[in-house]
Every structure is written in structure tokens, then in C-alpha cells.
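Structural characterization, general
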Amino acid sequence: MTAELPQPSDNVERRGADRTLTVLDPGPLTTVQDLGRPGLGHLGVGTSGAADRRSFRLANRLVGNDENAAGLEMTLGGLKVRFDHAAVVSVAGAACELRLTHGAPAMYGPFQVRAGDELVVGTPGTDLRSYLAVRGGIMVAAVLGARSTDLLAGLGPPGLAPGMVLPIGTPTGEAPLVDLAPQPGYRAVPTLTIVDGPRGDWFTPDAHQALCAAVWSVSADANRVGVRLSGPALTRRILGELPPEPMTSGALQVPPDGNPILFLAEHPVTGGYPVIAVVAERDLHLAAQLRPGQQLRFRR
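Once a new chain begins, its residue numbering starts again from 1 and follows that chain's sequence as written. In view of the model being predicted, local features appear only for residues whose pLDDT reaches at least 70, and side-chain atom pairs are presented and counted only at 80 or more, with totals across whole chains, interfaces and linings using the full set of residues. Only hydrogens and water are removed before side-chain values are computed, so all heavy atoms of the structure are retained for them.

Moving on: the packing of aromatic side chains. Think of it this way: a Phe, Tyr or Trp ring, Trp meaning its six-membered ring, pairs with another when their centres are within 6.5 Å, and the plane angle makes it stacked under 30 degrees, edge-to-face over 60, tilted otherwise. Following the criterion strictly, the structure yields 1 aromatic pair and no others. The interplanar angle of 80° and the centroid separation of 6.0 Å between the aromatic rings of Phe 56 and Tyr 131 together place this pair among those described as edge-to-face. Within this pair, whereas Phe 56 is found in helix α1 (residues 53-62), its partner Tyr 131 is found in strand β9 (residues 129-134), the two being separated by 75 residues in sequence. The helix and strand labels rest on DSSP assignments: H or I over at least four residues marks a helix, E over at least two residues marks a strand, and numbering proceeds from the N terminus.

So, in C-alpha cells, the structure goes:
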């Protein structure tokens, strides 16, 4: 049984509908993403968008797209698609083997696909999320100003399923000029820079010391909302209840068990646990690539 995206009045625009790709296998989880819906927190709508924005932007630049053009975010690869028309494509993020009907293109560079070509994205050996950009962008309809899928809020197109046909927009702007933009690999044990959180004074000095001294492990409880970390319990100095407060990507919220939760792209708009620290924006792409079982450190 195949699933189809709703008709143009719902989730797919007519514009660019003459150029499409068909999903044959979505892998573990593939969603349409752009840079999200910033500025709507007062309406209860989170930003969402690509979790690793650095890799997402690079994939778009490599095909000559605007950095906010919608593409596909893959979790642990596994995507198989057929291009119904010729296109220019790139893949960035977690390193995967790419197999095309007529060859094996490289990541981090634009490559041509022909009408009828099938592209298979393998499973990355390390890291978590990879991004596929098509020149012209994935032209599902915008919802509240963005084309991104927000699974937590139920906004945007659904996660990809076999048989879905996605429209590709008409290319605009200059054609890509870069043949290859190699990227350094992610560290096996990354170190994420943090700044003080709004409720750092709720925690003991020992908690602050432990946060940066310990090696933390990513638990199996990890998704686009965030990752729960395992390590020494972070002890609180103030034990009272905290009214709900605004949250941000990178926030390290600490529930009563003392094990922090690192919020990612689909974090809730508000949270009721104190935030001891926040990961610096420049390191959020590292947080987005954390896999269950992986270790990491923090530094101020």
C-alpha cells in the first residue's frame, strides 16, 4: 500500500509540479525541512526546521539554492528515491555511501541525475543526520511561512512514505560553481561549548563543575525534540517548582532525576524544569549529529 501527499489545496503546490521525485523507500525517518518557523513562539509554534543547519545550508549552497530552500533530512540514511526529471543534487551531513543508477556520486558536491535515475543513500557509519538538496528546492506548500515538517506540532507535510511524489521547484539564481566542498569529519566524542543558562543559580557549585568535568552519554531517548543524557546527577540548590518558561534550541533542561535533556530543533516552546546552561549556536550542528550511545563533553 502506498501513501500520497494531499492535493495542492493542502500540502503540495502546483508550482514546479512538472518536476518531481518519487519516494521508493524513506529509510528510518526522512522529512522535508527548511530553516523553520522562527518568531511564532507566542502562538505556541516552535521553530523546528533542519536540526543540523550547517549541513543543510551547505547542501543548498552546493546546488545553487537559497539557503532556506526546502530539502530532505534523513535520519540514519536509508533513503531511496527516483528522479522523474533531470536534476542537480547534493548530499551533506553524516557521511553516507551514495549509489546512483549510473554511478556512485560523492557527498559534499553537486551531481547530475537523469530522468528515471534512482538514488540510494546508505547508512552512515557514524553520526546521525544527512541532507539532500535538489536544485529548485522541494516545493511542498508552506504552512505558517515554512515548508518544514514539525512532527511534535503536526505542522507541514507528513514524514515521507513509499509512493510519495514530491514536486521540485524551478531553479533560480546562479548555477553551482563548486565541484566539491569537503568537510572535516565529526569527532567521536565532541565537545560542545555552553553558556550560562537562565536558572544556573538553581544548581549547586558541584553541579556546575560536574557538567563540564563529566563525559556524558546519549541515551536511547533521543529524537528531533532532544536527547536525554546520562551521567552524574546535577544537584539543585533550589528545590521549588518553576513556572513554565520559554525554551530554545540547545537548552540543557534538568528534570528532578538530575540527568539533563539537550533540546534540539523540535523542542517545546516552554518547559517547566530549570535550564542550567545553553549550547552555543555555533555548536548546535554537533548536537544534531549525536547518536544513542555516543559520548560528549561540555566546556564553558
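Structure's up, so let's keep going.
Moving on, we get to empty space enclosed by the protein. A pocket here means an open set of points on a 1 Å grid, computed over the protein atoms alone, that has protein on both sides within 12 Å along at least five of seven lines. A cavity is instead a set of points where a 1.4 Å probe fits but cannot get out; residues with an atom within 4 Å of a point line either one. Grid points are joined across faces, edges and corners, and a volume is the space filled by probe spheres set on the points. One pass over the structure, following the stated rule, counts 1 cavity of 30 Å³ or more. There is about 30 Å³ of room inside the largest cavity. Lining the largest cavity are Asp 127, Tyr 186, Arg 187, Pro 190, Leu 286, Gln 289, Leu 290 and Gln 294. Basically, the charged four are Asp, Glu, Lys and Arg, the nonpolar ten are Ala, Val, Leu, Ile, Met, Phe, Trp, Tyr, Cys and Pro, and anything else, Gly included, counts as polar. Looking at the lining of the largest cavity residue by residue, the classes come out as 4 nonpolar, 2 polar and 2 charged.

A few words on the confidence of the model for the protein. Low-confidence regions, as indicated by low pLDDT, have predicted coordinates that should not be scrutinised in detail. Confidence along the protein averages 92 in pLDDT terms, with 94% of residues attaining 70 or more. pLDDT measures how confident the predictor is about each residue, on a scale from 0 to 100. What makes two residues a contact is simply this: any of their non-hydrogen atoms within 4.5 Å. Predicted confidence is poor over residues 1-17, with pLDDT under 50, and the contacts of this stretch with residues over four places away or in other chains come to 40 contacts.

For helix α2 (residues 205-213), the set of buried residues is Ala 207, Ala 210 and Leu 211. End-on, the buried residues of α2 take up no more than an arc of 105°, which puts them together on one face. In α2, the exposed residues that point more than 90 degrees away from the buried face are Pro 205, Asp 206, Gln 209 and Ala 213. Along its buried surface, α2 packs onto β11 (191-196), β12 (216-222), β15 (251-253), β18 (275-279) and β19 (295-299). Think of it in three bands: with a 1.4 Å probe and only protein chains considered, a residue is buried below 20% of the maximum accessible area for its type, exposed above 50%, and partly exposed in between. Arc, as used here, means the arc of the directions from the helix axis to the C-beta atoms.

This part covers the sheet that holds strand β6 (residues 98-100). Paired strands, as defined in this entry, are two strands with at least two bridges between them according to DSSP. Reading across from one edge, β6-β8-β4-β1-β10 is the order of the 5 strands in this open sheet, with antiparallel pairing throughout. Each edge of the open sheet is held by one strand with a lone partner, namely β6 and β10 (165-167). Within this sheet the neighbouring strands show an average axis-to-axis angle of 25°, counted without direction. For strand β1 (residues 20-25) and strand β4 (residues 80-83), the ladder comprises 4 bridges, and the chain directions are antiparallel. The partner of Val 23 across the bridge, within β4, is Val 81. Convention adopted: a line fitted to C-alpha atoms gives each axis, helices being fitted over their contacting stretch, and angles between N-to-C directions are expressed from 0 to 180 degrees.

Here, a salt bridge means any side-chain nitrogen of Lys or Arg that lies within 4 Å of a carboxyl oxygen of Asp or Glu. Under the criterion given, the structure shown has 11 salt bridges. Across the pair Glu 73 and Arg 129 runs a salt bridge whose closest N-O atoms are separated by 3.8 Å. In this pair, Glu 73 is assigned in strand β3 (residues 71-75) and Arg 129 in strand β9, connecting sequence segments 56 residues apart. The closest approach of N and O atoms between Lys 80 and Glu 118, which form a salt bridge, is 3.6 Å. Residue Lys 80 is located in strand β4, and its partner Glu 118 is located in strand β8 (residues 118-121); the two are separated by 38 residues in the primary sequence. For Lys 80, a relative accessible area of 30% corresponds to the partly exposed category.

Let's shift gears to the nonpolar core. Note on terminology: a nonpolar core comprises buried Ala, Val, Leu, Ile, Met, Phe, Trp, Tyr and Cys residues joined through side-chain atoms within 4.5 Å. Grouped together as the largest cluster of nonpolar side chains are 45 residues, with contacts concentrated most on Leu 21, Phe 83, Val 89, Leu 119, Leu 132, Val 134 and Ile 138. Element by element, the count of residues in this core is highest for strand β5 (residues 87-93), at 5 residues. Ignoring sequence-local partners within four residues, the contact set of Leu 119 consists of Leu 79, Lys 80, Val 81, Phe 83, Val 89, Leu 98, Arg 99, Leu 100, Phe 111 and Leu 132. By size, the runner-up hydrophobic cluster in this structure holds 27 residues, among which are Leu 192, Leu 229, Leu 290 and Leu 296.

Bringing α1 into the picture now. Buried within α1 we find Ser 55, Phe 56, Leu 58, Ala 59, Asn 60 and Leu 62. Contacts from the buried residues of α1 go to β2 (29-33), β3, β5 and β9. Positive backbone phi, at 80°, marks Gly 64, one or two positions downstream of α1.

Next up on the list: the layout of surface pockets. Space inside the largest pocket adds up to approximately 480 Å³. For the lining of the largest pocket, the secondary-structure elements that each account for two or more residues are α1 and α3 (284-288). In terms of residue class, the lining of the largest pocket is built from 12 nonpolar, 10 polar and 5 charged. Its boundaries defined by the atoms lining it, the second largest pocket holds a volume of some 310 Å³. Classifying every residue of the lining of the second largest pocket by side-chain character gives 5 nonpolar, 8 polar and 5 charged.

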